[in-house]
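What follows is the residue order along each chain.
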Amino acid sequence: MRFMMIVKATQDSEAGVMPSQELVDAMMKYNEELVKAGVLLAAEGLHGSSNGIRISYPEPGGKPKVVDGPFTESKELIAGFTLIEVKSREEAIEWAMRMPDPHGNGEGVIELRQVIETTELTQDPDSLALHAIIREQGKPERS
């Protein structure tokens, strides 16, 4: 089971305020624990929405609409994410509870969401095989 820990943005993260070295160190230690446990798939921070682009589909079958950031409502925005693969929902919650306060000042909010697996979308053997190939090719090499 894969889960994404979505770190919600704050006014500071949207303003481009970078975390303290102490928080960076704590997050690196946490990520190292995830690696040692063999559950980490990815972990990244995101630039503020002022550098973002939003693509929407306002009309069914119509042309997509492109809007440059910044976007309002920082509580609706994402400042970063961690993708893990674990055996259960409970294990995902345990790992999420161990993450340091992602903003270091009591404003951190983590939303935990399960990733939809391809087998939940289709049972078509060709689609499943193609997805497996794409997923394997997209994996970073581990040293």
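Residues numbered from 1 in each chain as written. Predicted model: local features only at pLDDT ≥ 70, side-chain atom pairs only at ≥ 80, totals over all residues. Heavy atoms only, no water.

Visitor: Before we move on, can you summarise the overall build of the chain with the specific residues and values?
Guide: On a plain count of helices and strands, the chain comes out with five helices and six strands. Counting from the amino terminus, the chain carries its helices and strands in the arrangement β-α-α-β-β-β-β-α-β-α-α. For the C-alpha atoms alone, the extent of the chain along its principal axes is close to 50 × 45 × 30 Å. For the chain, restricting intrachain contacts to residue pairs at least 6 apart in sequence, the fraction spanning at least 24 positions comes to 74%. When the accessible area of the chain is evaluated, it comes to approximately 10300 Å², of which 53% is carbon and sulfur surface. (Helix = DSSP H or I, 4+ residues; strand = E, 2+ residues; numbered from the N terminus. Contact = heavy atoms within 4.5 Å. Areas by Shrake-Rupley, 256 points an atom, 1.4 Å probe, with all protein chains shown as cover.)

Visitor: Lay out the sheet that holds strand β5 (residues 78-85) with the relevant residues and their values.
Guide: Strand order in the open sheet formed by four strands is β2-β5-β1-β6, and the pairing between neighbours is antiparallel. Two strands in the sheet have a free side with no partner beyond their single neighbour: β2 (40-45) and β6 (110-114). Across the sheet, the axes of successive neighbouring strands diverge by a mean angle of 15 degrees, strand direction being ignored. Here strand β1 (residues 2-8) runs beside β6; their pairing, made up of five bridges, is antiparallel. Opposite Met4, over in β6, you have Arg113 as the bridge partner. (Pairing = 2+ DSSP bridges. Axes fitted to C-alpha atoms, helices over the stretch in contact; angles between N-to-C directions.)

Visitor: Run through the environment of Val67, naming residues and quoting values.
Guide: The topology assignment puts Val67 in strand β4 (residues 65-68). Setting aside its immediate chain neighbours within four residues, Val67 contacts Gly52, Ile53 and Arg54.

Visitor: An account of the nonpolar core is requested, with residue identities and associated values reported.
Guide: The biggest cluster of nonpolar side chains holds 19 residues, and the ones touching the most others in it are Met5, Leu34, Ile84, Val86 and Trp95. In terms of residue count, helix α2 (residues 21-37) provides more of this core than any other element does, four residues in total. Every residue in contact with Met5, bar those within four places of it in the chain, is listed here: Tyr30, Gly80, Phe81, Thr82, Ile84, Trp95, Ala96, Met99, Ile110, Glu111 and Leu112. (Core = buried A, V, L, I, M, F, W, Y, C linked by side-chain atoms within 4.5 Å. Buried < 20%, exposed > 50% of the residue type's maximum accessible area, 1.4 Å probe, protein only.)

Purely spatial values, then, with no claim about function.
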